[in-house]
Amino acid sequence: MATKKKKKTDWSKEVFKVLKKADIRQIAYVPDAGHTSLIKMAVADNAIKPVSLTSEQEGIAVLSGAWLGGEAGALLMQSSGVGNVINMLGMANECRFPLLMLVTMRGEWGEFNPWQVPMGQATETVLDAAGVIIHRADDPAEIAETVEAAAKIAFDSGRMVAVLIGQRVVGFKDWTK
Amino acid sequence: MGNKKSKNWHWSQDVHALFKKLGIEQVAYVPDGGLAKLINRCQADASIRSVVLTTEEEGVAQMAGAWLGGQKGVLLTQSGGVGNCINMLSMMQECRIPLLALVSMRGEWGECFPWQVPMGQSTIPALEAAKVIVHHVDQAEKVPETVHAAARLAFDSYRAVAVVISQRISGSGSRG
Amino acid sequence: MASRRKITLDRRKVVEKILKDRGDILLVTGLGAPTWDAAAVGDHPNNFYLWGGMGGAVLTGLGLALAQPKRRVLVITGDGEMLMGVGGLATVAVQKPSNLAICIMDNQRYGETGMQETHTEHGVDLAAMAAGAGFQKYSTVYNNRELAEAIPVLYSEQGPVFVDVKVTDAPQPMTLPPRDGPMLKHRFRENLLGHV
């Protein structure tokens, strides 16, 4: 297999196009390095309201409120943030709120910070236990189409969906920078 | 069925007495109906510092701090609160810091608030995914011995352990 | 609320000043830059560095302060980490731990994820939130004179006390303390209690 170059900004652009096509109007996030480009694009876009959260569970509530008000939204977070949303997901579950979550993974591929490993390893299991449909994307080339598929399940089929973007995609964090 | 205690017996009496015996000095909680009697006993006990939290993950962190400082604590929470703790539990796992939690279930037995059901059903899988050992107990008479066993596992074997107390025992949320 | 003042303090110099005469203070640091700041001053067995558990630094400090009422406990953390556990200010204020001091290195940025702005860049006033929670001693520090006044507050005033130090977002050298959680825990307890 040919070596893949890191196409971090490319996949972000493609994903942003997908989100626009899905008429996403609110993007809630706690910043994560892997989402930097996507967040910048959201902030720059006048048709999208970016919502900077203090903690990720606020995002579940924000997006539920958005839906009540007629708007589709997406939540961007790191895998550790998944551990902060499990109770709030109960509301989205109970009311069948559509929920689209993009999760950049830590603790699974070349992780240098041991404290990231527990939550990285638990992410899929806890999301699954909370009733969230999970799609993984470990290849930059497949992220956009995965997000598109996820958005369809979320907004057309009224489900909670998480796209887990593999740590392999974002690459190892370079501590020397 | 095992020995029936006297009509007025409540498991919280024995569990509180056990806390004293074990030298528990901190208790952290967000108030909950199923644990109310135990919380009240701890609140009334001058040898235990009872801390009311704004959210349950604070309590996980507090237990870590207590252990660093040489004290044993217990986290009391409703099942919903477990969902607020999953990330913070990584710290316990990563540092091998003991954790003893008592979790009072909702959304499990005779629940009449539908919104409680999703989190109720995820509670045990979420705890286990976070590498918390779960002891589920659904008979009141067995609660004290289960808490005792869990405490040994937590404080002597340096693990995170949750005693999950069935809604069948507390009857919370099954009236009305 | 005061109008926006210029931020000039260098976080490494600030933490160095704060820890210069640390004595037997017990230190908990929040994840990211505050942990590197403390490591830059020097590793110490009375330091417990959080490398995760975002939102948990202040409550870890509370548990420790309650367990060790005769020891001064200092939490140094960042604005983003504080915000994630901001309800903790209420929890702490109600407990009135007289030996607990909280100090924020407030660069108004999420430092580990690309320097995105936090809510303090947009006017959220952490010291005012501490005051609202019931802290009796709280301040926001912008210069060395105010810092010099705040340090004795962190070390000796009846707690809980809260100091928000505004620092620049200038890049700093990465200085990493040990990351091994069990080792940090054992070392801390061994040093404090004489056993693990």
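Residues numbered from 1 in each chain as written. Chains lettered and ligands numbered in written order. Predicted model: local features only at pLDDT ≥ 70, side-chain atom pairs only at ≥ 80, totals over all residues. Heavy atoms only, no water.

Draft legend 1. Structural view of the interface of chain C and chain B. Contacts between chain C and chain B engage 27 residues on the former and 25 residues on the latter. The contact between chain C and chain B buries some 2200 Å² in all, and 61% of this surface belongs to carbon and sulfur atoms. Between the two partners, chain C and chain B, sit 0 salt bridges. Elements with a minimum of two residues in the side of chain C that touches chain B: α3 (57–67), α5 (88–95) and α8 (181–193) of chain C. For the side of chain C that touches chain B, a count of residues per class yields 14 nonpolar, 11 polar and 2 charged. (Contact = heavy atoms within 4.5 Å. Buried area = accessible area lost by both parts, 1.4 Å probe. Salt bridge = Lys/Arg side-chain N within 4 Å of Asp/Glu carboxyl O. Helix = DSSP H or I, 4+ residues; strand = E, 2+ residues; numbered from the N terminus. Nonpolar A, V, L, I, M, F, W, Y, C, P; charged D, E, K, R; others polar.)

Draft legend 2. Just the packing of aromatic side chains, in detail. Counted under the stated rule, the structure contains 6 aromatic pairs over all chains. On the basis of an interplanar angle of 25° and a centroid distance of 5.8 Å, the ring pair of Trp67 of chain A and Phe155 of chain A is categorised as stacked. With Trp67 of chain A in helix α3 (residues 57–68) and Phe155 of chain A in helix α7 (residues 140–157), the pair connects residues that are 88 residues apart, well separated along the chain. You can call Phe155 of chain A buried: its relative accessible area is 17%. Relative to Phe155 of chain B, the ring of Trp67 of chain B lies with its centre 6.1 Å away and its plane at 20°, an arrangement referred to as stacked. Placement of the pair is Trp67 of chain B in helix α3 (residues 56–68) and Phe155 of chain B in helix α7 (residues 143–157), with a sequence separation of 88 residues. For the pair Trp67 of chain B and Phe155 of chain B, a shared accessibility class is recorded, and that class is buried. One aromatic cluster in this structure is built from Trp67, Phe155 and Tyr158 of chain B. Taking NZ or CZ as reference, Lys185 of chain C lies 5.7 Å from the ring centre of Tyr158 of chain B, over its face. (Phe/Tyr/Trp six-rings, centres within 6.5 Å; stacked < 30°, edge-to-face > 60°. Buried < 20%, exposed > 50% of the residue type's maximum accessible area, 1.4 Å probe, protein only. Lys NZ or Arg CZ within 6 Å of the ring centre and 35° of its normal.)

Draft legend 3. A look at the environment of Lys7 of chain B. All names here are of chain B. Along the polypeptide, Lys7 turns up in the segment before α1 (11–22). According to the relative accessible area criterion, Lys7 is exposed, its value standing at 84%. Spatially, the C-alpha atoms of Lys7 and Leu38 are 18 Å apart, while their sequence positions differ by 31 residues.

Draft legend 4. Local environment of the sheet that holds strand β6 (residues 160–165) of chain A. Residue and element names in this part refer to chain A. The parallel open sheet is built from 6 strands, whose spatial order is β2-β1-β3-β4-β6-β5. The strands lining the two open edges of the sheet, one partner per strand, are β2 (49–52) and β5 (133–137). The average angle at which neighbouring strand axes cross in this sheet is 20°, direction not considered. Bridge analysis of strand β3 (residues 72–78) against strand β4 (residues 99–104) gives 4 bridges, and the strand direction is parallel. Note that in β4 the partner of Gln78 across the bridge is Thr104. (Pairing = 2+ DSSP bridges. Axes fitted to C-alpha atoms, helices over the stretch in contact; angles between N-to-C directions.)

Interpretation in functional terms is not warranted from these geometric data alone.
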